[in-house]
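Geometric and topological summary
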Amino acid sequence: MDTKPVAMIFDVDGTLADTERDGHRPAFNRAFADAGLDWNWSVEEYGRLLRVTGGKERMRAYLQGSPEKAKDINDIDSLVVGLHEAKNRYYGEIVRGGEIALRPGVERLLLEAREQGVRLTIATTTTRSNVVALLEANLGVASLDWFEIIATADEVPDKKPSPAVYDYVLEGLGLDAKDCLALEDSQNGLRSAQAAKLPTLVTINGYTRNDALESAELIIDQFGEPDAPMQVIGGVWADRLASDIRCIDLKALGQLLSD
Ligand code: XBP
Ligand code: MG
């Protein structure tokens, strides 16, 4: 029998929107330039740096890999904190300027879930202000209330692939992981969700298409729209989807979660 999820737990960066290449990355570069640093992260280099989750952690990892850049810095910790604040200010400006749209099917799926009484939550390693900016810019201020729990790095500093942020959301929901569905875009996100025992759907993007994702319950290229269908890439439950399913909606999720 088809069963819709009781709750959906959405990742943010890469899942709700392609925020990394044209959002966080240029925001980091502007913060670096303002600080008089000669660091500039290309699209390609940023893809490698994304292996490390968390903006502050990413900058520290970059410095570890580039000792010549680190050698003249007296206080790496305070530099990183200052750069991160500046980066997030620039990120907010980019997002509020309308430059980062939601991925296909995201708004449709959120609206359908709300209509059908599916509980909505967010589990992300990004900073809370970045999530607020993205939701407000794309769905309006009231959309923050669509989500029963918005768990970010502000509440859960232990970043993905740790399951901590998903465990936090599950505890807040008071639900068993098997009654929920995580929606992710990357290997780090998948590892985090699966360590919390959540069935996980992965929607890939330019930066994550080569990640090791085969353990996901479903892997797709996008949530899709009825007139712009998704592609199913794989996943251990992929064969549960009927052949006429064109996009991720509650009917498709019901089939996916049926056993
Ligand atoms: C993605 C991340 C974040 C962002 C940058 O999180 O790893 O670090 O790249 O945001 P998710 P911050 O996919 O879980 O949404 O600079 O605020 O960390
Ligand atoms: Mg992500």
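Here the structure is a predicted model, which means the values were calculated and not measured.

The next thing to look at is the overall build of the chain. If you tally the helices and strands in the chain, you get 10 helices and seven strands. Computed over C-alpha atoms, the radius of gyration of the chain comes to 18 Å, within 12% of the 18 Å expected from 2.2 N^0.38 for 259 residues, which places it in the range of a compact globule. Counting only C-alpha atoms, the chain reaches 65 × 35 × 35 Å along its principal axes. For the chain, the proportion of its 259 residues judged to be buried stands at 53%. Here the analysis covers contacts within the chain between residues at least 6 apart in sequence; of these, 60% occur between residues at least 24 apart. Across the chain, the 28 positively charged side chains and the 43 negatively charged ones have centroids separated by 2 Å.

All told, the structure shown has nine aromatic pairs when counted by the stated rule. Here F28 and Y46 contribute two aromatic rings whose centre-to-centre distance is 6.1 Å and whose plane-to-plane angle is 50 degrees, an arrangement assigned as tilted. Of this pair, F28 sits in helix α1 (residues 20-34) while Y46 sits in helix α2 (residues 43-49), and the two are 18 residues apart along the sequence. For the cation-ring pair, K87 lies above F28, with the distance from its terminal atom to the ring centre recorded as 4.9 Å. Sitting over the face of the ring of W237, R240 holds its NZ or CZ atom 4.0 Å from the ring centroid.

By secondary structure assignment, the location of I94 is in helix α5 (residues 76-96). You can call I94 buried: its relative accessible area is 1%. Other than its neighbours up to four places away in sequence, I94 contacts D22, G23, P26, A27, R30, E99 and I100.

On the basis of which strands lie adjacent, the open sheet formed by seven strands has the order β3-β2-β1-β4-β5-β6-β7 and mixed pairing. Only two strands of the sheet have a single neighbouring strand rather than two, namely β3 (149-151) and β7 (232-234). On average, each strand axis in the sheet is inclined to that of its neighbour by 25 degrees, with strand direction left out of account. Judged from the three bridges that link them, strand β4 (residues 180-184) and strand β5 (residues 200-203) form a sheet pairing that is parallel.

The rules behind these values
Note on numbering: residues in each chain are counted from 1, in written sequence order. A letter from A marks each chain and a number from 1 marks each ligand, given out in the order of writing. Per-residue local features of the predicted model are confined to residues with pLDDT of at least 70, and side-chain atom pairs are confined, for both listing and counting, to 80 or more; whole-chain, interface and lining totals are unaffected and use all residues. Note: side-chain values were computed over all heavy atoms of the structure, leaving out hydrogens and water. Strands are runs of DSSP state E lasting at least 2 residues, helices are runs of H or I lasting at least 4, and numbering of each runs from the N terminus. With the radius of gyration taken over C-alpha atoms, the globule rule is written as 2.2 Å times the number of residues to the power 0.38. Partly exposed describes any residue whose relative accessible area lies between the buried limit of under 20% and the exposed limit of over 50%, with all areas from a 1.4 Å probe on protein chains only and scaled to the type maximum. Every residue pair with non-hydrogen atoms within 4.5 Å of one another is taken to be in contact. Asp and Glu count as negative and Lys and Arg as positive, but His and the ends of the chain are not part of the count. Throughout, a charge is located at the NZ atom of Lys, the CZ atom of Arg, the CG atom of Asp or the CD atom of Glu. Here is the rule: rings of Phe, Tyr and Trp (six-membered ring for Trp) pair when centre to centre is within 6.5 Å. Planes less than 30 degrees apart are stacked, more than 60 are edge-to-face, and the remainder are tilted. By definition, being over a ring means that NZ of Lys or CZ of Arg is both within 6 Å of the ring centre and within 35 degrees of the ring normal. For two strands to count as paired, DSSP must find a minimum of two bridges between them. Only the stretch in contact is used when fitting a helix axis, every axis being a line fitted to C-alpha atoms; angles between N-to-C directions are given from 0 to 180 degrees.

Such coordinate-based values are descriptive only and should not be taken to indicate function.
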